[in-house]
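# Summary of structural features
One-letter residues, chain by chain:
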Amino acid sequence: MSEENQVEEQPTPLILQKLEANHADALLAHDETRGTVVVVVRKEQAYAVLEYLKTDPELAYAFLVDVTAVDNSQMESELMQFDYARFMVVYQLYSYQGQCRARVKVPVHENDLNIPSVTRLWQGANWLERETYDMFGIHFEGHPDLRRILMPDDFDGHPLRKDYPLRGHGERERFNFDKQNA
Amino acid sequence: MQGGLERATGEKMVLNFGPQHPATHGTLRIVLELDGESVLKAIPHAGYLHTGFEKLGEHLDYNQYIVVTDRMNYLSPLSNNFGYVLAVEQLLDIEVTKRCQYIRILMAELSRLADHLLWLGTAALDLGAFSVFLYSFREREKLYSIFEKTTGARLTTSYTRVGGVLRDLYDGCVEDVRQFVTNFPKALKETHTLLTKNRIWMDRTKGVGAISADDAISYGLTGPCLRATGVAHDIRKAEPYSSYDEVTFDVPVGTNGDAYDRYLVRMEEMIQSCGIVTQVLDNMPDGSVNLEDNKITMPNKSDAYGHIEGLIHHFKIVMDGHGVQPPIGEHYCATESPNGELGFYIVSDGSGTAYRIRIRPPSFLHFQALPHMLEGGMVSDTVAVLGSLNVIAGELDR
């Protein structure tokens, strides 16, 4: 972080203290931006960390705000950071008790797109993970119903990946209407 | 709600509710598995209105994207405009002028009123109360006139800009709004007399689609749907943004988390919004609505046409790769939209276009919880529950 913060010597947030005490081996990096603690967590321990954040009585991040992913394949600086992990799955958490937010990021390599599902912890994760699967092709292991949600079932590709063009490719060929006109 | 299963006959029937149905208010679909009149299983389907807003965000610059936010929750576009630019401004580490903050609150609260009014009218219409629809649309029309005069459009408002708003309030706006908030509580009372103690309305909504506070949190419900379960959480209070800490208001909560409580919470929220609007009008600061920063906001037209510096600034703002460029980083910003937590997660690679924009829509998670509220109930309650959730297809599918 910047030098200003080091001069002020802000106390370490509780979530970081507790994670460093209990899940130190899972943490790859951490940061605090604009009041939100951001932790990057190893994929193998991601479920354990999220479960801990949810169930620990002092932290109580009971509300899973959002699950999404970022395709870093066109962002060299990010890609370099975690051993060329192409995707970053992002969980936004909120604690009603502490009224604070946290962001958990999990690097996912392109050659192994599996990541444990958190549907057992939060029922709301179901559709959020389905959307992430639909848009990025991340495979959530243990998800009860991992189908596409926004795109049609027979759709090829994952539209929010950076190698997917803005105007799509190939969809129009399936319409007979276009073929007749051509 | 209870007894639905007891009357079951054992013969199952699959009913396709939507995507074109008068009560869905948008293209969404629920596949209901029925036994007689009781719902055994409900499977919601989304995606009929998917437009790729998140993908578009990676190709439009920060100010261009504002027009896309209009189309998310099309009942309260001003709230979406507000939430989006707030996220960009926080990413840029800038704070807009006091007057601008107040104008944005004013517009956000008026659009909350418009959103709740439309919800009220259509939810009541679905259950057969036609006059409520006419009463609420009469009031909503007054608000839309104000929006039209302020922003130039009724629906596609695109009112906010990064670092400010499109233009200052029009002459006489304060009087128009003041007149509206003075008369509105009286008008809302008419609806109260029509519905709140109405036998039919209570029978159709009380105990219907109930959800407990724990389940609501687990499902990620926010806004009026969460508050109806008794959780007094409002982002405007918990994480005050844009001068919300300078106005006082109450956060209404329900107890049972059913359709009736969601109705009561929304009704009270409208009154609270009126209170916020009055306070904003009383304390409206003078000064500029736009940030005086030539790298963020457009110069005046007279400057752009009359001075070479103005022309250069104008040029730099609108040219590709010269305009608003947040530093490399990421930010998640949540605002309390009429439906609940509307979040924008923006990842910036330092260029004029976002690297990734994620919209966290409240309706998406509300629609997901629908089976939980429907299963075991009656088929006629589907309309009541769906109406009470206020699922907006534009925001659901993005």
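Just so it is clear, the model here is predicted, and its values are computed rather than measured.

### Describing the packing of helix H4 (residues 98-126) of chain B against helix H11 (residues 259-282) of chain B
Residue and element names in this part refer to chain B.
- With their axes 9 Å apart at the nearest point, H4 and H11 run at an angle of 155 degrees to one another. Our classification of the angle between H4 and H11 gives roughly antiparallel. The handedness of the crossing between H4 and H11 is left-handed. Each of Tyr102, Ile105, Leu106, Glu109, Leu110, Arg112, Leu113, His116, Trp119 and Leu120 in H4 lies in contact with H11, whose residues at this interface are Arg266, Glu269, Met270, Ser273, Ile276, Val277 and Val280.

### Some details on the sheet that holds strand E8 (residues 354-360) of chain B
All names here are of chain B.
- The sheet built from three strands is open, its strands ordered E6-E7-E8 with antiparallel pairing. Strands with a single pairing partner mark the edges of an open sheet, and in this sheet they are strand E6 (329-337) and E8. Adjacent strand axes in the sheet meet at a mean angle of 15 degrees when their direction is disregarded.
- Inspection of the sheet shows E6 paired to strand E7 (residues 340-348) by nine bridges, in the antiparallel sense. Paired with serine 337 across the bridge in E7 is glycine 340.
- Across the face of the sheet, helix H3 (residues 77-92) comes into contact with E6 and E7 while running at roughly 150 degrees to E6.

### Some remarks on the confidence of the model for chain A
- The share of residues in chain A with pLDDT of 70 or more is 87%, and the mean pLDDT across the chain is 83.
- Low pLDDT (under 50) marks residues 1-6 of chain A, which in the prediction has two contacts with non-local residues, meaning those over four places away or in another chain.

### Observations regarding the interface of chain B and chain A
- The interface is formed by 30 residues belonging to chain B together with 26 residues belonging to chain A.
- Residue assignment for the side of chain B that touches chain A shows that the elements contributing at least two residues are helix H1 (53-57), helix H8 (213-218), E6, E7, E8 and helix H14 (362-368) of chain B.
- Its residues assigned to classes, the side of chain B that touches chain A comprises ten nonpolar, twelve polar and eight charged.

### Some thoughts on the confidence of the model for chain B
- Averaged over every residue, the pLDDT of chain B is 88; residues scoring 70 or more account for 97%.
- Confidence estimates for the predicted assembly give a pTM of 0.89 and an ipTM of 0.87.

### Some points on the environment of tryptophan 119 of chain B
Residue and element names in this part refer to chain B.
- Position of tryptophan 119 relative to the elements: it lies in helix H4.
- Residue class for tryptophan 119 comes out buried when judged on the 25 C-beta atoms lying within 10 Å of it.
- A C-alpha to C-alpha distance of 9.1 Å links tryptophan 119 and leucine 389, two positions 270 residues apart in sequence.
- When neighbours within four sequence positions are excluded, tryptophan 119 is seen to be in contact with Arg266 and Asn390.

### Description of the sheet that holds strand E5 (residues 100-108) of chain A
Residue and element names in this part refer to chain A.
- Ordered by their spatial adjacency, five strands build an open sheet running E1-E2-E5-E4-E3, and the pairing between neighbours is mixed. Looking at strand neighbours, the two that pair on one side only are strand E1 (27-33) and strand E3 (63-71), the edges of this open sheet. The average undirected angle you get between the axes of adjacent strands in this sheet is 20 degrees.
- Taken together, the six bridges between E1 and strand E2 (residues 36-41) define a ladder with antiparallel strand orientation. Across the sheet, the residue bridging to glutamate 32 is valine 37, located in E2.
- Sitting on the sheet, helix H3 (residues 46-55) is in contact with E2, strand E4 (87-95) and E5, with an inclination near 170 degrees to E5.
- Most of the contacts of helix H5 (residues 125-136) go to E3, to which it runs at about 5 degrees, and overall it touches E3 and E4.

Quick notes on the rules
Residues numbered from 1 in each chain as written. Chains lettered and ligands numbered in written order. Predicted model: local features only at pLDDT ≥ 70, side-chain atom pairs only at ≥ 80, totals over all residues. Axes fitted to C-alpha atoms, helices over the stretch in contact; angles between N-to-C directions. Helix = DSSP H or I, 4+ residues; strand = E, 2+ residues; numbered from the N terminus. Parallel < 35°, antiparallel > 145°, perpendicular 65-115°, else oblique. Left-handed = near helix turned anticlockwise from the far one by under 90°. Contact = placed C-beta atoms within 7 Å. Pairing = 2+ DSSP bridges. pLDDT = per-residue confidence, 0-100. Nonpolar A, V, L, I, M, F, W, Y, C, P; charged D, E, K, R; others polar. Buried ≥ 20, exposed ≤ 12 C-beta atoms within 10 Å, placed from the backbone.

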